[in-house]
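# A structural walkthrough
This is what each chain is made of:
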Amino acid sequence: MLIKRPPDIRSSEITPESVYRSRRRFMRESLTVAAGAGTAGLVGTPTAVALPAEWLTAREVKAGVPLDEEMTSERDATGYNNFYEFGTDKEDPAKYAHEMTVDPWTVEVTGEVEKPGKFGLEDMLSGIDLEERIYRLRCVEAWSMVIPWIGFPVKKLIGKFQPTSDAKYVEFRTLHRPSEMRGQRSFFSNIDWPYVEGLRMDEANHPLAIFAVGMYGKLLPNQNGAPIRLVVPWKYGFKSIKSIVEIRLTKRQPKNTWNVLQPSEYGFFANVNPNVDHPRWSQASERRFPTTLFNPNRIATRMFNGYDEVASLYKGLDLGRYY
Ligand code: MTE
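Scope of this entry: the structure provided in the associated data block. Source: prediction; values computed, not measured.

## Section: the packing of aromatic side chains
Per the stated rule, a full pass over the model turns up 16 aromatic pairs. With a centroid separation of 5.1 Å and an interplanar angle of 45 degrees, the aromatic rings of Phe 119 and Phe 161 are classed as tilted. Pair noted here: Phe 119 is in strand S3 (residues 117-120) and Phe 161 is in the loop between helix H7 (154-160) and strand S6 (169-174), with a separation of 42 residues, a long-range link. Using a relative accessible area of 23% as the deciding quantity, one classes Phe 119 as partly exposed. Between Trp 258 and Tyr 266 the ring centres are 5.3 Å apart and the planes differ by 65 degrees, which places this aromatic pair in the edge-to-face class.

Structural data, given as structure tokens:
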């Protein structure tokens, strides 16, 4: 069920009471948590609350470690998006992603695992603790944000399905439902849907790689990839695939959407790297939100987006060749 809340109507008037109460509890808890982490303006503009599931909203969320950098406003992070399934303009996802049904939601786990299957989100996440992670998000288009996600390590979920020794990569797929995703039925789209991404097994197992189910102390809005998306903070944003319905463990390197579309511009690894330019623009710096035409707020881009602890994953790899 989708609940949109105009500013002058109280949630309690349009939402079943149990749902309303548990959502308030979730927001209050994570609000306290996030306030301690220096978060400002958590209860900003109302966004579509995508998943009223009490099992999720009633959970405790462990506080995130704050960055010494200004948090991006919730308004920017939920209003300026890339989610081509809903159009190519930055405003399209916020306008149209409410057309996607996210409850119920199932995820199919296939490939090199001992325990494959199709799982309802609630069953799949049972026993997994949620925590806040405040991360930089660096888009390949050279803009960046700082976002307080709520989620859990990828490793915790994948481990449940017992990968075999042949599992070398993890492939993720987004929902393919043209009836609800206008970008997927557009004549102008040259993407071969569904959107696909992948990680090497050691990358997926790195503690910084998370699945997110919330942000800014609330459930993930549809435009940000509800109800479950990947967040890999040391890689360009296109690796952080949204609205995941399939996780496949494979022997071979997955063919990720942007690499298939334009291999000379987008690689499989997509590690943030100020020394390897995109063929059409420099990657040495980025526009950090809030940004305007007259004040672009340009800052230097850091290797691995500032997450040096992942460097050992790429020891001996030519990062200019494997971009
Ligand atoms: N996932 C899907 N399914 N479709 C997309 O178009 N865009 C990617 C990534 N995940 C995209 C996607 C890109 S290019 C970026 S920069 C991030 O989502 C943006 O995430 P955000 O909108 O939450 O900031």
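## Concerning the nonpolar core
Core analysis: the biggest nonpolar cluster contains 81 residues, and Phe 211, Ile 228, Trp 234 and Ile 247 have the highest contact counts within it. If we ignore the near neighbours within four places in the chain, the residues touching Trp 234 are Glu 203, His 206, Leu 208, Ala 209, Asn 271, Val 272, Phe 304, Asn 305, Tyr 307, Val 310, Leu 313 and Tyr 314.

## Brief notes about the site of the ligand
Lining the immediate surroundings of the ligand are 16 residues, of which Asn 81, Tyr 84, Glu 85, Arg 229 and Lys 242 lie closest. Residue Ser 240 places a main-chain N or O atom 2.9 Å away from a nitrogen atom belonging to the ligand. Contact between the ligand and Lys 242: an oxygen atom at 2.6 Å from a side-chain N or O atom of the residue. If the ligand stood free it would expose 530 Å²; the protein chains cover 98% of that surface. Classifying every residue of the shell around the ligand by side-chain character gives seven nonpolar, six polar and three charged.

## Quick look at the sheet that holds S6
Judged by pairing direction, the sheet is mixed, and its five strands sit side by side in the order S3-S2-S11-S6-S7 without closing on themselves. Pairing within the sheet leaves two strands with one partner each, and these edge strands are S3 and strand S7 (196-200). The mean angle between the axes of side-by-side strands here comes to 20 degrees, regardless of whether they run parallel or antiparallel. Alignment of strand S2 (residues 106-111) against S3, held across four bridges, turns out to be antiparallel. Residue pairing for S3: Val 109 is matched across the bridge by Gly 117.

## Let's talk about unusual backbone geometry
The linkage connecting Ala 226 with the following residue, Pro 227, adopts the cis geometry, with an omega of -5 degrees. With an omega dihedral of 5 degrees, the bond running from Phe 289 to Pro 290 counts as a cis peptide bond. On the secondary structure map, Pro 290 appears in the loop between strand S12 (285-288) and strand S13 (298-300). Even without a glycine there, the phi angle at Gln 162 is positive, about 55 degrees. The topology assignment puts Gln 162 in the loop between H7 and S6. Here the phi dihedral of Phe 304 falls at roughly 55 degrees; this positive angle occurs in a residue that is not glycine. Secondary-structure assignment places Phe 304 in the segment after S13.

What counts and how
- Residues numbered from 1 in each chain as written.
- Predicted model: local features only at pLDDT ≥ 70, side-chain atom pairs only at ≥ 80, totals over all residues.
- Heavy atoms only, no water.
- Phe/Tyr/Trp six-rings, centres within 6.5 Å; stacked < 30°, edge-to-face > 60°.
- Helix = DSSP H or I, 4+ residues; strand = E, 2+ residues; numbered from the N terminus.
- Buried < 20%, exposed > 50% of the residue type's maximum accessible area, 1.4 Å probe, protein only.
- Core = buried A, V, L, I, M, F, W, Y, C linked by side-chain atoms within 4.5 Å.
- Contact = heavy atoms within 4.5 Å.
- Near = heavy atom within 4 Å.
- Polar contact = N/O pair within 3.5 Å; in protein donor to acceptor, adjacent residues only side chain to side chain.
- Areas by Shrake-Rupley, 256 points an atom, 1.4 Å probe, with all protein chains shown as cover.
- Nonpolar A, V, L, I, M, F, W, Y, C, P; charged D, E, K, R; others polar.
- Pairing = 2+ DSSP bridges.
- Axes fitted to C-alpha atoms, helices over the stretch in contact; angles between N-to-C directions.

That's the geometry; what it means functionally is another story.
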